[in-house]
Amino acid sequence: MSKQSDSEDFESADEGQTLQTKKEKKEIKKLAASTKNVEQTDGWDDFDIEETEAVEISKSNKKDETEKPTSQDTGWEAFDDWGENDNNKVEEVKPNTKSTKDVHKSQEQADIQAVTERLAAATTKNEGWGWGGWGVDSLLSTATAGISTLTSQVSQGISTVLETGIGAPDPEELARATKEKAVNQETNVEEQPTAQDTTFQFGSLLSGVTKFVETTGTKVISGGLDTLEVIGKKTMEVLQDGDPGLVKKRAMLGLDTEKPILSQILREAKERADEEDKMREAKREAKEVHYETLFDDFEGLVHLEALEMLSRQVSMRIEERLRSADADKRQDIKETMQQVAELCEMPEDDDDDDDDEEHGDSSKEDVFHERLQRATRDIGLKLQFQPLIKQYTDILQWLDATEVVNEKAIYKRAVSGLAQATALCVELYHKTAEMLLVKNRRSTADEADALTQLTVVLSKHVSEMATLFTEKLSKQPSEDKELINNYITNVFLEAGNSSKYVENAFQLTLPIIQIGAV
Amino acid sequence: MVDPIFDYQFRLILIGDSTVGKSSLLKYFTDGKFAELSDPTVGVDFFARIIEVQDGTRIKLQLWDTAGQERFRSITKSYYRNSVGALLVYDVCNRSSFEHIPLWMMEAKRHIEPHRPVFALVGCKVDLVGTDVKNGARREVSCEEARMFAEENGLHHVETSAKTGLNVEQAFILVAQEVYNRIQTGEYKVEDGWDGIKSGFNRPNGMDFNLLEAETVQSTCC
């Protein structure tokens, strides 16, 4: 409700202002045009210079004027000429102004197109907007920014005008120009019941006319400026009435759209829905190659979490034992824990190539299986490697079988393959930890060694898998080398990620190995 | 993989004696298949499926399938905490599995505290009733007494078959709907540090425990 009343206020205020005549609007336009020009075109500089003297003269004449109040009527006629002159000048520069305006507009148009459309929609229905072109102009120059620019331009313009004396025409020229007229008008002047001084003589007519012109010129100019200033002030008052910074008006322009036209609402709703659909689609697409999401989907995350629960619980039990033990025993336990931790330190990569030589003939998955079994030979548990082997086999088959495939598909398969392999690795640690905890006879040193070896094998496994995919990617005949390189980089990054998870799982298993010894 | 977008994730835990059919129930629910033979569960296994509750909200059920074997009891206890719902599973043809239900329920309440989970009493293997007289499979727990126990303890009750699929879906949807209702009434909330209910939108942020480090590594490497 409050929003509505705001906008109503605004509208009624506008209606008040609609009374401002079109003439005034034109003047504002002119002024806006001319003040812009002050900065932009040379013509005005010339014009300014031309007029500078005039102002001084007209100033110096001011005394006379007050002493001799002159006839407005004659003055007006003379002024009309000058006024036409002025108009011409304004018109001359108008094309320029327009073009700069257009540029200005087109820049802002993009930003505020939505607003424009809404506003246009609103104004078609609501003629009471009244501010017509100008309103659109300045409001569309986007509210405050536009308006403050305009006002600053206006005030700049005014001061420039006042300084350079835009209003006062060159006296000599004017004198010459008006001379004939003045002579012609002489009769009229005398006939007319004017407020002219009765001592007015033909001899002084010329200077009198000049003065008239000057005075009226100044008066009209300053009067015009006053009017413009008033209009400008009024405009800002109306716009900012009870709404400093135009906050509400801007809000209104945004909100107003929601009530007037049903079709627009529906169109916007549809656009929004489309947008949401797109986002949903993009989200889905993104999820397909989002490593963490895939890792979660393959239950890697929850296994890691469960492993962490176990790890934490076991650590607490160890702490408890430490607390309840006497000092000597406590030292013992700490030392044992330290020893186990040392056993579980990852070895340097020194035995990299011995495997590769040994298993020249075997298939990759067999080599992998062999390594897993050798690593965990002494752990004393029956571990399930089948899921890991099967997943590896599937990937190897996919890589062999898939000849014609685009790089994106390879990339997707790589990320998901790595995520799944990693999830299975984490699951292996989790299961191993659970089985260790229910194992009857613990053999800590063997367990530590086996799990360390296992970690080496699994880390190697994910990096080898990544290599297979990157090889496939780099063999891909594609013009978009950058894309391929991006994919390759990402695959290696995810492989690094995988290694991190594997090592993390191993670290979580450490207390479970340790507790067997204390 | 089904449409992976979901609004909430509920963690449900399945508990009950060994061989009552927890894993088979879950396999049917997530796979639509019945496994004739399966190895006993080691520790805990995980299943997941997305369902919709009545108002169309999509819920990912993360299902913790615990080992029923006695030797894993100390381990499975540590898994209760973050569950928002618990399915108490018994075999309708196994009297003692039903008689252990109060113990399972107490265990669950104790470990899930201070949270109060939604419980459901789920009888399994109703397909065996009356069909396999030779092998001695006959109903040892009547539907009435199970329902009575359920009513006394404020539980939902349902009898299922993982072979025919009878009521399998219903058992899980029952719990999910109840959890969802409690979210609607404000009884349950998404809470930091408790994974019983998670919001689906910020899933990548939902990973606590050490994973952030790995994530950071990933993002800074680019």
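Computed from a predicted model, the values in this text were never measured in an experiment.

K.L.:
Would you take a moment to explain a negative patch on the surface for this structure?
P.N.:
Residue and element names in this part refer to chain A. A contiguous patch of negative charge, built from Glu-271, Glu-275, Glu-276, Asp-277 and Glu-281, is present on the exposed surface. Mapped onto the secondary structure, Glu-276 falls in helix 11 (residues 262-288). A residue is classified by how much of its surface remains accessible, and Glu-276, at 52% relative accessible area, is exposed.

K.L.:
Which parts of the structure should I look at to understand the packing of helix 14 (residues 327-343) of chain A against helix 20 (residues 481-514) of chain A?
P.N.:
Think of two packed helices as two axes; the pair is described by the angle between the axes and how far apart they sit. Residue and element names in this part refer to chain A. The interhelical angle for the contact between helix 14 and helix 20, taken along N-to-C directions, is 135 degrees, at an axis separation of 10 Å. The orientation of helix 14 relative to helix 20 falls into the category oblique. The handedness of the crossing between helix 14 and helix 20 comes out as right-handed. Contact residues: Met-337, Val-340 and Ala-341 in helix 14; Leu-510, Ile-513 and Gln-514 in helix 20.

K.L.:
Honestly, the pattern of salt bridges in this entry has me stumped. Any pointers?
P.N.:
Close approach of charged atoms allows side chains with opposite charge to pair. Residues and elements named next belong to chain B. This structure, assessed with the given rule, holds 19 salt bridges over all chains. One salt bridge connects Glu-169 with Arg-49, and the closest N-O pair in it is separated by 3.0 Å. Of this pair, Glu-169 sits in helix 6 (residues 168-184) while Arg-49 sits in strand 2 (residues 44-52), placing them 120 residues apart in sequence. The exposure class assigned to Glu-169 is partly exposed, which follows from its relative accessible area of 37%.

K.L.:
What is the right way to look at helix 16 (residues 364-375) of chain A in this model?
P.N.:
Quick reminder: α-helices carry 3.6 residues per turn. Residues three or four places apart thus point the same way. All names here are of chain A. With 12 residues, helix 16 extends 17 Å from end C-alpha to end C-alpha; this agrees with the ideal 16 Å at 1.5 Å per step. For helix 16, the complete set of buried residues consists of Glu-365, Val-367, Phe-368, Arg-371, Leu-372 and Ala-375. Axial view of helix 16: buried residues confined to an arc of 160 degrees, hence all on one face.

K.L.:
Explanation requested: the confidence of the model for chain B in the structure shown.
P.N.:
Atomic detail in the predicted coordinates should be set aside for any region of low pLDDT. When pLDDT is averaged along chain B, the result is 87, and 86% of the positions lie at 70 or above. Mean pLDDT across the secondary structure elements of chain B bottoms out at helix 7 (residues 211-221) of chain B, with 35, and peaks at strand 4 (residues 85-91) of chain B, with 98.

K.L.:
Even after reading the chapter, I still don't get the pairing of strand 4 of chain B, so can you show me in this structure?
P.N.:
Note on strand geometry: in a regular strand, side chains alternate between the two faces of the sheet. Residues and elements named next belong to chain B. In terms of burial, strand 4 is a largely internal element, 7 of the 7 residues being buried. Bridge analysis of strand 1 (residues 8-15) against strand 4 gives 4 bridges, and the strand direction is parallel. Across the sheet, residue Ile-13 finds its bridge partner in strand 4, namely Ala-86. As paired strands, strand 4 and strand 5 (residues 118-124) are joined by 7 bridges and run parallel to one another. Within strand 5, the position partnered with Tyr-90 by the bridge is Gly-123.

K.L.:
Looking at this model, I keep getting lost on the packing of aromatic side chains. Mind explaining?
P.N.:
Aromatic ring pairs: the centre-centre distance and the angle between the two ring planes describe each pair. All names here are of chain A. Under the definition given, this model contains 14 aromatic pairs over all chains. On the numbers, 5.5 Å between centres and 75 degrees between planes, the contact of Phe-368 with Tyr-392 is edge-to-face. With a gap of 24 residues between them, Phe-368 in helix 16 and Tyr-392 in helix 17 (residues 386-401) connect regions that are remote in the sequence. For the pair formed by Phe-368 and Tyr-392, the shared burial category is buried. Taking 6.3 Å as the distance between ring centres and 45 degrees as the angle between the ring planes, the aromatic pair formed by Tyr-429 and Phe-506 counts as tilted. Of the two residues, Tyr-429 is situated in helix 18 (residues 407-437) and Phe-506 in helix 20; the sequence distance between them amounts to 77 residues. Phe-506 shares its class with Tyr-429; the two are buried.

How each quantity is defined
- Residues numbered from 1 in each chain as written.
- Chains lettered and ligands numbered in written order.
- Predicted model: local features only at pLDDT ≥ 70, side-chain atom pairs only at ≥ 80, totals over all residues.
- Heavy atoms only, no water.
- Patch = residues over 30% accessible without salt bridge, like charges linked within 9 Å, V, L, I, M, F, W, Y side chains within 5 Å.
- Areas by Shrake-Rupley, 256 points an atom, 1.4 Å probe, with all protein chains shown as cover.
- Salt bridge = Lys/Arg side-chain N within 4 Å of Asp/Glu carboxyl O.
- Lys, Arg positive; Asp, Glu negative; His and termini not counted.
- Charge placed at Lys NZ, Arg CZ, Asp CG, Glu CD.
- Helix = DSSP H or I, 4+ residues; strand = E, 2+ residues; numbered from the N terminus.
- Buried < 20%, exposed > 50% of the residue type's maximum accessible area, 1.4 Å probe, protein only.
- Axes fitted to C-alpha atoms, helices over the stretch in contact; angles between N-to-C directions.
- Parallel < 35°, antiparallel > 145°, perpendicular 65-115°, else oblique.
- Left-handed = near helix turned anticlockwise from the far one by under 90°.
- Contact = heavy atoms within 4.5 Å.
- Expected span 1.5 Å × (residues − 1).
- Arc of directions from axis to C-beta.
- pLDDT = per-residue confidence, 0-100.
- Pairing = 2+ DSSP bridges.
- Phe/Tyr/Trp six-rings, centres within 6.5 Å; stacked < 30°, edge-to-face > 60°.

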